Amino acid sequence: MPFSDLLHHFLSAPDSTWSLVSIPFAVSFIIFFGIYILIRHSSKVTMMCYVLAFSLFFAYKANGILMLLLPATVLATYYLTRRMNEKEGKTRLKWMWAIVILELLPLLYFKYTNFFIDILHDIISSNFSTLSIALPIGISFYTFQAISYTVDVYKKRFTMETSLLEYAFYLTFFPLLMAGPITRAETLIPQLKHRYHITDRQVYTGLWLIMVGLLKKALIADYIAQYNNWIFDDPTAYSGFENLMGVMGFSLQIYCDFSGYSDMSIGIAMLMGYELKENFRYPYQSLNLQEFWRRWHISLSTWFRDYLYIPLGGNRKGKVRTYFNNFVTMVVAGLWHGTTWMFLIWGALHGVGLVVHKFCRQWLDKIDNTWYVRVLAWCVTYSYVMFAWVFFHSKSLQTAGIIIKKVFTDFSWDYLVPFVQTRTAWTVFLVLGMALHAIRERHTERLKQWFIDSPVTLKVILLFIVLQLVINFRLSDIQPFIYAQF
């Protein structure tokens, strides 16, 4: 890409191609990181101001003028939370609720205004028209981080004295802006208090995570997305077998897309000397839905657990209330993902699944934990998760119904050989993606350790191979991060 084009990418906003896998970002990050290494140990204030400036630039590239909402959120929530912290008793509680509502208002406006207008239109048959509202990228993620900070300070779970600069760094940290992972103040802010030496292990671990993330997102997810989109756009044009392949493909796509982004995000932070918590732990190895949500999007599931499920009563108020709390939490999680009935159905399906699993635990725990029982449990869990993904990705209930009907009434193994012959590369990516996901964690850790201990020359060669694979299979129509829209 010519330098003039790169300069245009840097200065123009917003840019729909701006992401952690875009060439303009890669170039800008290399420049940023070179300067960061030079100034990291000179002055903590200088370093944080520098990173803050780049984070705001990142937000500007993603959102244009709407990026101003981010520094406004920083200033409002920081000073109001400090005032709340000076209060006691019921006054303190009222301040906490007022701040949380204030933090939620921008998210509710940008994300749910048209959803509520549609509901009102259906109820009273009005002629209200939806508004033209651009959703700021990443607003759900930094809103949830702001809420967690306010609530943790209120509950005195986080008592560390925090400056405005440290809080601004925490809420705007660019690897987390587009799609998380949602990071608590207790994880990042204490690391800002000390100047840790960036070890070789951190650098190589960060590089490993970035490479793995690139393979997941830019190679597997982006490549298989094209066929998956054809299926969900027009399922009637394909057989039941082809529809099933599209559903299986999307289950792998959304995992590779989002876990790949998380890997890159955590890897970039690791290069800079900051250690974030993992966001995915092989969720498709789960043997039940409860285990699935302990492994899938961990930062979001634990956020809903700590700030919604437990405040609702958790499992402390009897079985019926526990079932209700589980269901409500998952419905809200569904609506967090998007403002359509399809996301609500997806959340409700997971809520029902969790309730059924908890209800049946007393009998399930009595079954011998043999290998064939585990295989059956995995098949049921993965099939149910995959079934729910149909509603998550479908544009309408009609589309989801057609896909499900096609799979169950128009399925034939006769399509297998022609499908593999026609879509050989796609099939290889699907099989490879699922097979890699089946690897045990201890084996992955050994592979990561081998990479860390390998010679620098070998690391460079492997990085070159990854980049070459991404370039060779990269589509002209690059797929955006799925979770950036949430």
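Owing to the predicted nature of the structure, the values given are computational and were not obtained by experimental measurement.

What counts, and where the lines are drawn
Residues numbered from 1 in each chain as written. Predicted model: local features only at pLDDT ≥ 70, side-chain atom pairs only at ≥ 80, totals over all residues. Heavy atoms only, no water. Helix = DSSP H or I, 4+ residues; strand = E, 2+ residues; numbered from the N terminus. Rg over C-alpha atoms; globule rule 2.2 N^0.38 Å. Buried < 20%, exposed > 50% of the residue type's maximum accessible area, 1.4 Å probe, protein only. Contact = heavy atoms within 4.5 Å. Lys, Arg positive; Asp, Glu negative; His and termini not counted. Charge placed at Lys NZ, Arg CZ, Asp CG, Glu CD. Patch = residues over 30% accessible without salt bridge, like charges linked within 9 Å, V, L, I, M, F, W, Y side chains within 5 Å. Areas by Shrake-Rupley, 256 points an atom, 1.4 Å probe, with all protein chains shown as cover. Salt bridge = Lys/Arg side-chain N within 4 Å of Asp/Glu carboxyl O. Axes fitted to C-alpha atoms, helices over the stretch in contact; angles between N-to-C directions. Parallel < 35°, antiparallel > 145°, perpendicular 65-115°, else oblique. Left-handed = near helix turned anticlockwise from the far one by under 90°. Nonpolar A, V, L, I, M, F, W, Y, C, P; charged D, E, K, R; others polar. Core = buried A, V, L, I, M, F, W, Y, C linked by side-chain atoms within 4.5 Å.

Trainee: Help me understand the overall build of the protein chain, please; the structure alone is not making it clear to me.
Mentor: Along the backbone of the protein chain there are 21 helices and zero strands. At 23 Å, the protein chain has a C-alpha radius of gyration in line with the 23 Å of a compact globule built from 486 residues. If you line up the protein chain on its principal axes, its C-alpha atoms span 65 × 60 × 55 Å. Sorting the 486 residues of the protein chain into buried and exposed places 50% on the buried side. Look at the contacts in the protein chain between residues 6 or more apart in sequence, and 76% of them connect residues 24 or more apart. Charge separation in the protein chain, taken as the distance between the mean sites of 42 positive and 30 negative side-chain charges, equals 9 Å.

Trainee: What's the story with a positive patch on the surface in this structure? I'm lost.
Mentor: On the surface, a cluster of positive charge is made up of Lys155, Arg316, Lys317 and Arg321. Along the chain, lysine 317 falls in the loop between helix H13 (298-309) and helix H14 (319-337).

Trainee: I would appreciate a short explanation of the packing of helix H11 (residues 240-271) against helix H19 (residues 424-437) in the present structure.
Mentor: Running from N to C, H11 and H19 cross one another at 55°; their axes reach a closest spacing of 10 Å. Between H11 and H19, the crossing angle belongs to the class labelled oblique. Taken as a pair, H11 and H19 cross one another with a handedness that is left-handed. In contact with Met245, Met248, Gly249, Leu252 and Tyr255 of H11, H19 contributes Trp426, Phe429, Leu430, Gly433, Met434 and His437. Each residue belonging to the contact of H11 with H19 can be placed in one class, and the counts come to eight nonpolar, three polar and no charged.

Trainee: I keep staring at the nonpolar core and nothing clicks. Help me out?
Mentor: If you look at the biggest cluster of nonpolar residues, it comprises 125 residues, and the most contacted ones within it are Met272 and Tyr274. Counting residues per element, this core draws most heavily on H11, at 15 residues. Once you skip the residues sitting within four places of it in the chain, methionine 272 turns out to touch Phe32, Phe33, Tyr36, Arg40, Val51, Phe173, Phe174 and Ile198.

Trainee: Would you explain unusual backbone geometry in this entry?
Mentor: Residues other than glycine predominantly adopt negative phi, and peptide bonds predominantly adopt the trans conformation. In this structure, lysine 156 is a non-glycine residue whose phi angle is positive, near 60°. Positionally, lysine 156 belongs in the loop between helix H6 (139-154) and helix H7 (164-172). A positive phi angle, close to 40°, is found at histidine 297, a residue other than glycine. Along the chain, histidine 297 turns up in the loop between helix H12 (289-295) and H13. Assessed through its relative accessible area of 0%, histidine 297 is described here as buried.

Trainee: Looking at this model, I keep getting lost on the pattern of salt bridges. Mind explaining?
Mentor: Note that side chains of opposite charge can pair when their charged atoms are close. Within the structure shown, the criterion is met by 18 salt bridges. When the shortest N-O distance is used, the salt bridge between lysine 193 and glutamate 166 registers 2.8 Å. Remark: glutamate 166 occurs in helix H7 and lysine 193 occurs in the loop between helix H9 (185-192) and helix H10 (200-233); sequence separation between them is 27 residues. Classification of lysine 193 by relative accessible area gives partly exposed; the value is 26%. For glutamate 166, a relative accessible area of 4% puts it in the buried group. Taking the shortest distance from any N to any O, the salt bridge between arginine 361 and aspartate 365 comes out at 3.4 Å. Aspartate 365 sits in the exposed class, given a relative accessible area of 55%.

Trainee: Help me understand the side chain of serine 148 in this model?
Mentor: Within the secondary structure, serine 148 sits in helix H6. Of the residues examined, serine 148 reaches a relative accessible area of 0% and is grouped as buried. Discounting residues that sit within four places of it in the chain, serine 148 has contacts with Tyr170, Arg184, Trp303 and Tyr307.

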